[in-house]
Amino acid sequence: MADAHAKHHDYHLVDPSPWPLIAAVSAFLGAVGAIMSMHSLMIGGLHMGPYIAGAGVIGILYTMIAWWSDVIHEAQDLHLHTRVVQLHHRYGMMMFIASEVMFFVAWFWAFFDASVFTGEEINYARVTFTGGVWPPKGIEPFDPWHLPLLNTLILLTSGTTVTWAHHALLHNDRAGLKAGLWLTILLGATFTSVQAYEYSHAAFAFKGSIYGATFFMATGFHGFHVLIGTVFLIVCLLRAYRGDFTPKQHLGFEFAAWYWHFVDVVWLFLFAAIYVWGSGGGAAVHGE
């Protein structure tokens, strides 16, 4: 009878958890609060939107910390992440990155639809805004060989440092792991700072321009992903100092490295398409 509840498989059946429900409620509050703030809706004569949105954001952040702490506890302390479980985690991360790829495909689609088909008869209203050329008349795009090129070099360098950290971990070089993570985090923060400086000196705005809308949505969401990836790596650095990772079990770091390489590759496409081609290639093709 003592063996009746023993585990005879390699799978991990998770215990009941409150985090999915708390995450859903928090996301709902965040969305409702944001909508109320955007439309200046009031409750009892008070602007409660920012407070509701803030409560939702706090709930989401708390859920993320607590939920992932549970996952780390399952892996590090309870040793529930068998090879089969780790394999399925890898599948899950692959599917997540694939969904992120499709997310950016949408913004590239919007950009190329606007830039390649500037003078289509069916899009006659677009001609009014673009003048039938790309970049649209009155738009002064960024010089791709200035700050955008600098940021490209920064991200490519960060890809090498995170790879260095990964190889150091595989060879149980704790000092190399920490050094590589530190450099990657600093390079990620530098990229974000350069992009913020670039945005502050943009000669065009998000509103009132197809070019501005497609540019800021594509590059801005990428910048947000860089910020998320930097936080991801900071958590990995803290765990490295805690001694969590081993050469044979380090899924958290491996997924952070995958995510960072994904961010690198997306930026290369953004740089080539939006900064280089979009700053003059479209005008050369569609110019009058």
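Residues numbered from 1 in each chain as written. Predicted model: local features only at pLDDT ≥ 70, side-chain atom pairs only at ≥ 80, totals over all residues. Heavy atoms only, no water.

**Q** Summarise the overall build of the protein chain; cite the residues concerned and give the values.
**A** When you go through the protein chain residue by residue, the secondary structure sums to eight helices and zero strands. Helices and strands in the protein chain line up, N terminus first, as α-α-α-α-α-α-α-α. Considered along the principal axes of its C-alpha atoms, the protein chain spans approximately 85 × 55 × 30 Å. Taken over 288 residues, the protein chain has a buried fraction of 38%. Within the protein chain, counting contacts between residues at least 6 apart in sequence, those at least 24 apart form 74% of the total. Charge centroids of the protein chain, computed over 11 positive and 18 negative side chains, lie 7 Å from each other. (Helix = DSSP H or I, 4+ residues; strand = E, 2+ residues; numbered from the N terminus. Buried < 20%, exposed > 50% of the residue type's maximum accessible area, 1.4 Å probe, protein only. Contact = heavy atoms within 4.5 Å. Lys, Arg positive; Asp, Glu negative; His and termini not counted. Charge placed at Lys NZ, Arg CZ, Asp CG, Glu CD.)

**Q** Which residues make up the packing of helix H6 (residues 174–200) against helix H7 (residues 210–242), and what values do they have?
**A** Axis separation between H6 and H7 bottoms out at 9 Å; the angle between their running directions is 155 degrees. Regarding the angle of H6 to H7, the classification is roughly antiparallel. At the point where H6 passes H7, the crossing takes the left-handed sense. Grouping the amino acids of the contact of H6 with H7 by side-chain chemistry returns 16 nonpolar, nine polar and three charged. (Axes fitted to C-alpha atoms, helices over the stretch in contact; angles between N-to-C directions. Parallel < 35°, antiparallel > 145°, perpendicular 65-115°, else oblique. Left-handed = near helix turned anticlockwise from the far one by under 90°. Nonpolar A, V, L, I, M, F, W, Y, C, P; charged D, E, K, R; others polar.)

**Q** Residue-level account of the side chain of His222, with values.
**A** For His222, the position within the fold is in helix H7. Residue His222 is classed as buried on the basis of its relative accessible area of 0%. A polar atom in the side chain of His222 sits 2.9 Å from the backbone oxygen of Val263. When residues no more than four places from it in sequence are discounted, the contact partners of His222 are Phe104, Leu155, Phe191, Val263, Val266, Trp267 and Leu270. (Polar contact = N/O pair within 3.5 Å; in protein donor to acceptor, adjacent residues only side chain to side chain.)

**Q** Please set out the packing of aromatic side chains residue by residue, giving values where relevant.
**A** Scanning the model with the defined rule gives 30 aromatic pairs in all. Note on Phe204 and Phe216: the rings are 5.5 Å apart at their centroids and 50 degrees apart in plane angle, and the pair reads as tilted. Taken together, the positions of Phe204 in the loop between H6 and H7 and Phe216 in helix H7 put the pair twelve residues apart, joining distant regions of the chain. (Phe/Tyr/Trp six-rings, centres within 6.5 Å; stacked < 30°, edge-to-face > 60°.)

**Q** A description of helix H5 (residues 147–170) should follow, citing residues and the corresponding values.
**A** If you check H5, its first and last C-alpha atoms are 35 Å apart, about what 24 residues at 1.5 Å a residue would give, namely 34 Å. Asn172, located one to two residues past H5, shows a positive phi value of around 60 degrees. (Expected span 1.5 Å × (residues − 1).)

**Q** Run through the pattern of salt bridges, naming residues and quoting values.
**A** By the definition in use, this model includes three salt bridges. Between Arg239 and Asp244 there is a salt bridge whose closest N-O contact spans 3.0 Å. Like Arg239, the residue Asp244 is buried in the burial classification. Here Asp244 and Arg242 are joined by a salt bridge, their closest N and O atoms 2.6 Å apart. For Asp244, a relative accessible area of 7% corresponds to the buried category. Residues participating in the shared-partner salt-bridge network are Arg239, Arg242 and Asp244. (Salt bridge = Lys/Arg side-chain N within 4 Å of Asp/Glu carboxyl O.)

**Q** Explain the environment of Gly132 to me, and be specific about the residues and the numbers.
**A** Tracing the backbone shows Gly132 in the loop between helix H4 (124–130) and H5. Judged by its relative accessible area of 14%, Gly132 is buried. The spacing of Gly132 and Ser115 is 17 residues in sequence and 9.3 Å in space, taken between C-alpha atoms.

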